[in-house]
Structure formats: C-alpha cells, structure tokens
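Remarks on the overall topology
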Amino acid sequence: MGKLEFPKGFLWGAATSSYQVEGNMHNEWTEWEKTSAEKRAKESREESWHDSWRGYGKKERNPAFSKEASDPNNYFSGAAADHFNRYEEDFDILQELHLNTYRFSIEWSRVEPEEGVFDQEAIDHYKAMVVSLRRRGIEPFVTIWHFWLPVWVAEKGGAASEKFPEWFARYAERMAREFGESVTFYVTINEPDIYTSLSYLLGFWPPEKRSIFGHFHALENVRRAHKLAYPKMKAAAPHSKIGITKQFMHFVVLQKTPWNLAARRFADWWWNTSLVHALEGYQDFIGFNYYQKKIIGKDTRDQSAILHTDISWEYDPESIYDALLAARQYGLPIYITENGLADTTDRLRGRFLIETLTSVHRAIQEGADVRGYIHWSLLDNFELDKGFWPRFGLVHVDYATQKRTIRPSARLYARIAETNSLETEKEAG
Ligand code: BGC
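These remarks concern the structure in this document. As the structure is a computational prediction, the values presented were derived from the model and not from experiment. (Residues numbered from 1 in each chain as written. Predicted model: local features only at pLDDT ≥ 70, side-chain atom pairs only at ≥ 80, totals over all residues. Heavy atoms only, no water.)

**Describing the site of the ligand**
Rules: The nearness test applies per residue and asks whether one of its heavy atoms lies within 4 Å of the molecule or strand. For the purposes of these results, a polar contact is taken to be a pair of N or O atoms within 3.5 Å, where, inside protein, one atom must be able to donate a hydrogen and its partner to accept one; residues adjacent in sequence count only when each atom of the pair is a side-chain atom. Charged residues are taken to be Asp, Glu, Lys and Arg, nonpolar residues to be Ala, Val, Leu, Ile, Met, Phe, Trp, Tyr, Cys and Pro, and polar residues to be all remaining types, Gly included.
Taken together, 13 residues surround the ligand, and among them Gln20, Asn190, Glu191, Glu338 and Glu383 come closest. His146 places a side-chain nitrogen or oxygen 2.9 Å from an oxygen atom of the ligand. Separating an oxygen atom of the ligand from a side-chain N or O atom of Glu383 is a distance of 2.5 Å. Tallied by class, the residues present in the shell around the ligand amount to six nonpolar, four polar and three charged.

Given below as structure tokens:
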C-alpha cells in the first residue's frame, strides 16, 4: 500500500479522564464504590442482562480475568494511576511518543467541592498542567465534565435537577475564564447520552435509576447544560473551540429485511444524529468517540472468525470509516477524541492502530474533515464500573509501584505521530 500521509497540522494524541487516572478524590463515584464494590464483584461471577448488553456475556467472558473481576478491591479507584501527582512524568512520556495533543478532564469535585465555593488551589493545579503541556509543545484538549459529579451536585438531584444546567454553566464558564488564552479546545461534556443511558435508563452507574422518562429528562438537562455553557465560555474565551464528545456507532444489517432496514434507520437517527442536531449552532467541532459497530437483527457471521478484545468488545478497526463518512453530514471539523481497546498483553493494539488509522485515512480521502486522532487511553486506568482489570493504556501501569512501561504498540504509534504518516507495509511487518 505504501505511505499514507495525514493532513498537515494533524493532531496526534492520547486521552485520560480525572477519576480514571488521578487518584485520591471524593466524588459521587468514590461514594458509590463503598456501597457497590461487593455487589459488582459478585455479579462478575454471574451472567446477567447487564453483561450481555455490554457484550460481556458468559460465553465471551475472558476467564483470564475472572480472578481480578471477582475481587471487591478491583472496584475501589484509590490512588488509580496517581496521575494527579505524576503528570509531569506522564507528559514526558507524551513527548517521548511525539504526541502533540493530550485530552484530559478537570475534576469538578476538586474545583468546586461545595456549591458555589471554588478551590483556587485545585484550579491552579489544572492551570499548571496546561502550562506544563504547552512547555512541551502539546495542545491541551480539556474536558470540563467526563461522567462523575461532585457529591453536592449528586445530593441535590444530579443531572436530573432543574438547576443542573446553571450549576454546570457556572463551573464551565469559570474554567474558561481561568484558562484564558492558554486553552483552545474544550469538550464541555463527555458522551451525554452514554451517561444518561447508563445512569438513568439501565441503572448500571450511579444514581442507578431505571426509567425511560428519567433518561430523557436527564438528557434534556445535560443538553441544556451544554447550550447554556457554550455562549458563556465563548464570551470568556472568544478564541476557544467548543464541542461535546459523542460516542458514534455504525449500525450494520446483515439480513436486509424491511424490518431490519427500518430498525437501522431508526437506530441511526436515534443514536447518532438526533443529539448532534439538537446541539446545532452550539458546537465548533464534532468530538468523535468510536469503539465498535452494532449489528441490527440476526448476526449471521461465523462467530469463530471474530476477534474480541479483553472485555469482549468486537475487534473492529474498520467500521470507523463508515461512521466518519456519515459524520461528514454535520459540516464541522471532526476530532477523533477517543478510540482504543482493552488489551492487557498488547497482542492486538499495534495492529488495531494500523488498521484503524488506515480506515481514518481512507475516510479523509473521501472528504471527512478529520483533524486529529486521540487514542483512549494514554495510561492503563480505572475502567469505570469494571474497575482496574481492563487495560486500555498505550502505557502499562503497575498499580503496586505506579511504574509506567511504554507498550510496543505505543512505540509504533509514536513513529506514526512523528512522521505524520503511516508506512503500511513496514508497520505491519
Ligand atoms: C469513556 C471512557 C471509557 C471508555 C472505555 C468511553 O465511553 O469516555 O471513560 O473508559 O469508553 O470504556
């Protein structure tokens, strides 16, 4: 195939989020850990509809991790990857890997631990991170709110409260004012619809609600929160580029019955386009998170030929091409803000990067205005309700010693970032 060149100025990066890597915080999820760890450890031994929905069905569960998953300690984030104290070391790694952007999130519970009371020391910590990135020539890509809330927000009704948009916008505006000229890219809210689906519809995440009405109500509030924050942040930082991140999915029909085709059209509208349309005029870019396609109707493929990652998600580096082509319709620049896989032994990650980036390059050739690729994740981290055992990092973290080890796939990624191109035959060989 030869050499695939990426557009000039392309951003190459890696992402993390506060709760998943920083360690030692106090928020809604650290409270939830105390009441749910035992239950989650026990559930990991049983097949439940929760498992099958996320693709963790018993048949597909990787027995290699059953010991870790059934230990309650797996579900306490604790010191996580201690990124709060070790960010300089981690930024040195970014630099060593030739990455020119870093997506990270601000921990709302640190910055505003009580309603309306901002902690300047915590704010200064994040400002110091930005300075440290800039010193290394790395563009900060700042997420204001990933998935978890300060305890006071959760206690006052969380995203379901009518006040939520105001609380959020006040905090977001403050951060934009504090960062001033030093930050250009902001993600206000990470995956609003994943958040409300898992927290309010399916009840897997705090506050563990299961209600369709509750889900739509919370989603509407979260949308309002973004729309209220957007102009305030723009006024505080007129140069800034602001968007949400959205987990897009490519829906595939194998048996083209009228019902399946109609279901695919509906799923595509419901999951992919409706949220983007609802935020029209309030986004400067598409924050494109992508993990895997979804089959609508019967999956007639030879299952033995399908590879799975450690958490049983399908190994699927190609459908990002279709999803990116579909995203051309929004007419906005696209930043791939998350994409990656749980792969403890690094057996698939290198190949995944090559195949994914080949698909991204193809989409760019066909008019998708992709301006950057940010891999999830820089570090192994606390994978939300699954705890520590799934390892998404380009960099391995030994949680006992906090030692970082750059995985071979990260070295391969570094060569791509450094040359802004992909030598397909060479990399593959
Ligand atoms: C989330 C991350 C998470 C990743 C892998 C994304 O939806 O933004 O926080 O770790 O998926 O599950």
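**Some thoughts on the sheet that holds strand S2 (residues 11-15)**
The condition that has to hold: We treat two strands as partners when DSSP finds at least two bridges between them. Helix numbers and strand numbers start at the N terminus; a helix is a DSSP run of H or I with at least 4 residues, a strand a run of E with at least 2. Axis angles are defined between N-to-C directions and span 0 to 180 degrees, where every axis is a line fitted to C-alpha atoms and, for a helix, only to the segment in contact. The contact criterion used is simple: two residues touch if any of their non-hydrogen atoms lie within 4.5 Å.
Judged by pairing direction, the barrel is parallel, and its eight strands sit side by side in the order S2-S3-S4-S5-S6-S8-S10-S11 before closing back on the first. Strand-to-strand twist of the sheet, defined as the mean angle between neighbouring strand axes without regard to direction, takes the value 25°. Where strand S10 (residues 334-338) lies against strand S11 (residues 370-376), three bridges are found, and the strand directions are parallel. Its bridge partner lying in S11, Ile334 is registered against Val370. Where helix H10 (residues 192-201) meets the sheet, its contacts fall on strand S4 (139-145), strand S5 (185-190) and strand S6 (241-248), and the angle it forms with S6 comes to roughly 50°.

**Points about the packing of aromatic side chains**
Going by this rule: Aromatic contacts are taken between Phe, Tyr and Trp rings whose centres are within 6.5 Å, Trp giving its six-membered ring; a plane angle under 30 degrees counts as stacked, one over 60 as edge-to-face, and the others as tilted. For each residue, the accessible area found with a 1.4 Å probe, counting protein chains only, is set against the maximum for its type, and the residue is called buried under 20%, exposed over 50%, and partly exposed in between.
According to the stated counting rule, one finds 48 aromatic pairs in the structure shown. Taken together, a centroid distance of 6.0 Å and an interplanar angle of 75° make the contact between Phe147 and Trp148 edge-to-face. Per residue, the accessibility class of Phe147 equals that of Trp148, and both read buried. Ring-pair connections join several aromatic residues into one group, and the members of that group are Tyr19, Trp29, Trp32, Phe147, Trp148, Trp205, Phe382, Phe388 and Tyr399.

**What to know about the nonpolar core**
Note the cut-off: We call a set of buried residues a nonpolar core when its members are Ala, Val, Leu, Ile, Met, Phe, Trp, Tyr or Cys and they connect through side-chain atoms within 4.5 Å of each other.
With 118 residues, the main nonpolar core has Trp12, Trp108, Phe164, Phe168, Phe288 and Leu324 as its most contacted residues. When residues of this core are assigned to their parent elements, the largest contribution, nine residues, is made by helix H9 (residues 164-179). Setting aside residues up to four positions removed in sequence, Phe168 forms contacts with Trp108, Ile144, Trp145, Thr188, Ile189, Ala225 and Ala229. Ranked by size, the runner-up nonpolar core spans 20 residues in total, among them Ala15, Ala37, Ala41 and Phe141.

**Brief notes about a nonpolar patch on the surface**
Cut-off, in case you're wondering: A patch consists of residues exposed above 30% relative accessible area that lack any salt bridge, with like charges linked at up to 9 Å and nonpolar side chains (Val, Leu, Ile, Met, Phe, Trp, Tyr) linked at up to 5 Å. With residues, only the protein chains shown are counted as cover, and all accessible areas are computed by Shrake-Rupley using a 1.4 Å probe. We count a salt bridge whenever a side-chain nitrogen from Lys or Arg sits within 4 Å of a carboxyl oxygen from Asp or Glu.
Taken together, the side chains of Ile212, Phe216, Phe266, Trp269 and Trp270 present a nonpolar region at the surface, about 570 Å² in accessible area. Mapped onto the nonpolar patch, the elements with two or more residues apiece are helix H11 (212-236) and helix H12 (258-278). When residues of the nonpolar patch are assigned to their parent elements, the largest contribution, three residues, is made by H12. Within the secondary structure layout, Ile212 lies in helix H11.

**Some points on the pairing of strand S13 (residues 403-406)**
Side-chain alternation along S13 places Arg404 and Ile406 on a buried face and Lys403 and Thr405 on a face that remains uncovered. By the bridge criterion, four bridges tie strand S12 (residues 395-398) to S13 in an arrangement that is antiparallel. What sits directly across from His396, in S13, is Thr405. Linking S12 back to S13 in an antiparallel pair, the connection comprises four residues, with Gln402 at a positive phi of about 65°.

**Quick notes on unusual backbone geometry**
Cis peptide bonds are those with omega within 30 degrees of zero, and the linkage from Pro206 to Pro207 qualifies with 5°. Note that Pro207 resides in the loop between H10 and H11. In this model, Trp376 is joined to Ser377 through a cis peptide bond whose omega is 15°. When you line up the elements, Ser377 lands in the loop between S11 and S12. Even without being glycine, Ala80 reaches a positive phi, approximately 45°. Checked against the element boundaries, Ala80 lands in the loop between helix H4 (66-69) and helix H5 (83-96).

**Structural notes on the pattern of salt bridges**
Per the stated rule, a full pass over the model turns up 30 salt bridges. The partner of Arg86 in a salt bridge is Asp82, and the shortest N-O contact between them spans 2.8 Å. Where Lys293 meets Glu314, a salt bridge forms, and the shortest distance between an N and an O atom there is 3.4 Å. Remark: Glu314 occurs in the loop between strand S9 (294-296) and helix H13 (320-327) and Lys293 occurs in the loop between strand S8 (286-290) and S9; sequence separation between them is 21 residues. We note that Lys293, like Glu314, is buried. What emerges from the salt-bridge pattern is a single network uniting Lys293, Asp299, Arg301, Glu314 and Asp316.

**Comments concerning the side chain of Ser44**
Mapped onto the elements, Ser44 comes out in the loop between helix H2 (28-43) and helix H3 (49-53). Within the structure, the side chain of Ser44 is placed 2.8 Å from the backbone oxygen of Ala41, a separation counted as a polar contact.

**Here we look at the environment of Arg362**
As for its placement among the helices and strands, Arg362 is situated in helix H14 (residues 349-365). Arg362 sits 37 residues away from Leu325 along the chain, and the two C-alpha atoms are 9.5 Å apart.

**Thoughts on H5**
How we decide: Here, expected helix span is obtained from the residue count minus one, scaled by 1.5 Å. The term bend refers to the angle at a residue between two fitted axes, each drawn through seven residues, those ending there and those starting there.
The end-to-end C-alpha separation of H5 is 17 Å, well short of the 20 Å expected for 14 residues at 1.5 Å each. Where H5 bends most, at Glu89, the angle is about 40°. Looking at the residues trailing H5, positive phi occurs at His98, about 65°.

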